[in-house]
Amino acid sequence: MSLTIQGLGTALPPERIAQGDAATIAAEVALPAQTPSPGQRRLLETLHRRSGVANRHSVLLQPPGSDPRQTFFGATSPGTGERMRRYALEAPHLALRAVRAALAQAGLSAERITHLVTVSCSGFHAPGVDLALMAALPLDAGVARTHVGFMGCHGALNGLRVAAGFTGAQPEACVLLCAVELCSLHLQYGWDGERIVANALFADGAAALVATGEPPEQAAPTTPPLGRLLASGSLLVPASTEAMSWGIGDHGFAMGLSPQVPDLIGEHLRPWLEGWLAGHNLSLDAIGSWAVHPGGPRILSAVTKGLGLDPGLIEPSRSVLRDYGNMSSPTLLFILERLQRSGAPGPCLAMAFGPGLCIEVALLA
């Protein structure tokens, strides 16, 4: 594969909420037709406390001290149309901030971009984020656009594979990839265990990267560490269709997250990954750093235990989950940015899980 990441940028909504305050909001909407019992409120607080999340950012939040902190979710659940209108309003601005940060790190102007890849699973509208970026940067009207939609938390890895297809086929290509998610728009009402867990985890964020097809020997000395894509791989876990889902309903998008997901990861991940790495003349011990998507603390624990990893190796994933929550597709790029800044050793194995149950990986050096 011929792809070198030249710049990486991230962006968050300006306002954030502590997990304790988020639990209060969740309690208010979990059973809107009645007051939650003390036992239900305690369970909500416990689930939020054990989520591994300390703070989350959302486009829906008002500045601290505002009364109320948010006005979007009230006594009745907003419909999907209302949630999509808010997505169309907010997503382009957040995406643009991440893109400008990536271009600045790469030291490239928007005129250099030949391909634009956008990634999102939390909203739909057209003209969409891609055309908003085209107009705001601006990009040339001939830039080729591709959207990777509704693939869940591993969407950025799917987008990276698409970008590598462009840079591999056209050595002069310069690809801008942007993943943006507004997961907080999809807070779910009602007392459903899987949805309550999802309400405790998901957050908003955007991340972008700029990539070219320069081979390693021609890459600039300023190429970021862990910036070269060496390979990518996928596994569809057998008999796992019901384990994880992401569906569109009348009141937003609803996550289905079976408690069996960690067990499925523990059973299937290591045998497949060892074989995949062997095909690239590598072993688990050869991986210098890990960027594991933090779908939740139990998923991170399943990866650590299943692969026999030192827990310290996935601390960047835990810290991103703690600081920002699960932002779905941009989250892996936040972790990669943290690894780059710390000078983490390569090769790096990036990994994420999504509906299917699917496992996606990318090898970076």
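About the thresholds
- Residues numbered from 1 in each chain as written.
- Predicted model: local features only at pLDDT ≥ 70, side-chain atom pairs only at ≥ 80, totals over all residues.
- Heavy atoms only, no water.
- Core = buried A, V, L, I, M, F, W, Y, C linked by side-chain atoms within 4.5 Å.
- Buried < 20%, exposed > 50% of the residue type's maximum accessible area, 1.4 Å probe, protein only.
- Helix = DSSP H or I, 4+ residues; strand = E, 2+ residues; numbered from the N terminus.
- Axes fitted to C-alpha atoms, helices over the stretch in contact; angles between N-to-C directions.
- Parallel < 35°, antiparallel > 145°, perpendicular 65-115°, else oblique.
- Left-handed = near helix turned anticlockwise from the far one by under 90°.
- Contact = heavy atoms within 4.5 Å.
- Nonpolar A, V, L, I, M, F, W, Y, C, P; charged D, E, K, R; others polar.
- 1 Å grid on protein atoms, 1.4 Å probe; cavity = no way out; pocket = protein on both sides within 12 Å on 5 of 7 lines; lining within 4 Å.
- Points joined across faces, edges and corners; volume = space filled by probe spheres on them.
- Pairing = 2+ DSSP bridges.

## Quick look at the nonpolar core
- Judged by nonpolar contacts, the single largest core of 84 residues is most densely connected at L273, W290, M351 and F353.
- Sort the elements by how many residues they give to this core and helix α3 (residues 80–106) lands first, with 11 residues.
- Counting 37 residues, the second-largest nonpolar core is a separate cluster that includes I5, A164, A203 and L226.

## Description of the packing of helix α2 (residues 38–49) against helix α6 (residues 193–201)
- Contact geometry for α2 and α6: axes closest at 9 Å, N-to-C directions at 50 degrees. The angle between α2 and α6 falls in the class oblique. Our pair here, α2 against α6, has a crossing hand that is right-handed. Contacts from L44, L47 and H48 of α2 reach α6 at I196, V197, N199 and A200.
- Looking at side-chain class alone, the contact of α2 with α6 contains five nonpolar, two polar and no charged residues.

## A few points about empty space enclosed by the protein
- For the coordinates displayed, the defined rule picks out five cavities of 30 Å³ or more.
- The volume enclosed by the largest cavity comes to roughly 410 Å³.
- If you go around the largest cavity, you meet 31 residues; those closest to its centre are R56, S184, L187, N199 and F202.
- At the level of elements, α1 (19–30), β3 (55–57), α6, β9 (244–249) and β10 (252–257) are the ones that each hand at least two residues to the lining of the largest cavity.
- Counted by class, the lining of the largest cavity contains 20 nonpolar, 10 polar and one charged residues.

## Some points on the pairing of β10
- For β10, the buried fraction is high: six of the six residues fall into the buried class.
- In this structure, the hairpin formed by β9 and β10 is closed by a connection of two residues.

## Details of the pairing of β9
- Here β9 pairs with β10 via six bridges, running antiparallel. Along β10, the bridge assignment pairs M244 with L257.

## Some remarks on the sheet that holds strand β12 (residues 348–354)
- Across the sheet, which stays open at both edges, the nine strands sit in the order β5-β4-β6-β7-β1-β8-β13-β12-β11 with mixed pairing between neighbours. Every interior strand has two partners, whereas the edge strands, β5 (144–149) and β11 (289–292), have only one. Adjacent strand axes in the sheet meet at a mean angle of 25 degrees when their direction is disregarded.
- Pairing between strand β1 (residues 3–11) and strand β8 (residues 228–236): two bridges, direction antiparallel. Its bridge partner lying in β8, L3 is registered against L229.
- Of the strands in this sheet, β1, β6 (174–182), β7 (204–212), β11, β12 and β13 (358–364) touch helix α10 (residues 331–342), which is tilted by about 105 degrees from β1.

## Quick notes on the layout of surface pockets
- Considered as a void within the structure, the largest pocket measures approximately 380 Å³ in volume.
- In terms of lining, the largest pocket is formed by 17 residues, of which the most central are V197, L201, L257, P297 and R298.
- Broken down by secondary-structure element, the contributors of at least two residues to the lining of the largest pocket are α6, α7 (261–278) and α8 (297–307).
- Counting residues per element, the lining of the largest pocket draws most heavily on α6, which supplies four residues.
- For the lining of the largest pocket, the class distribution of residues is 10 nonpolar, four polar and three charged.

## A short note on α8
- Among the residues of α8, I299, L300, A302, V303, T304 and L307 are the ones counted as buried.
- Among the structural elements, α7, β11, α9 (315–324) and β12 are those in contact with the buried residues of α8.

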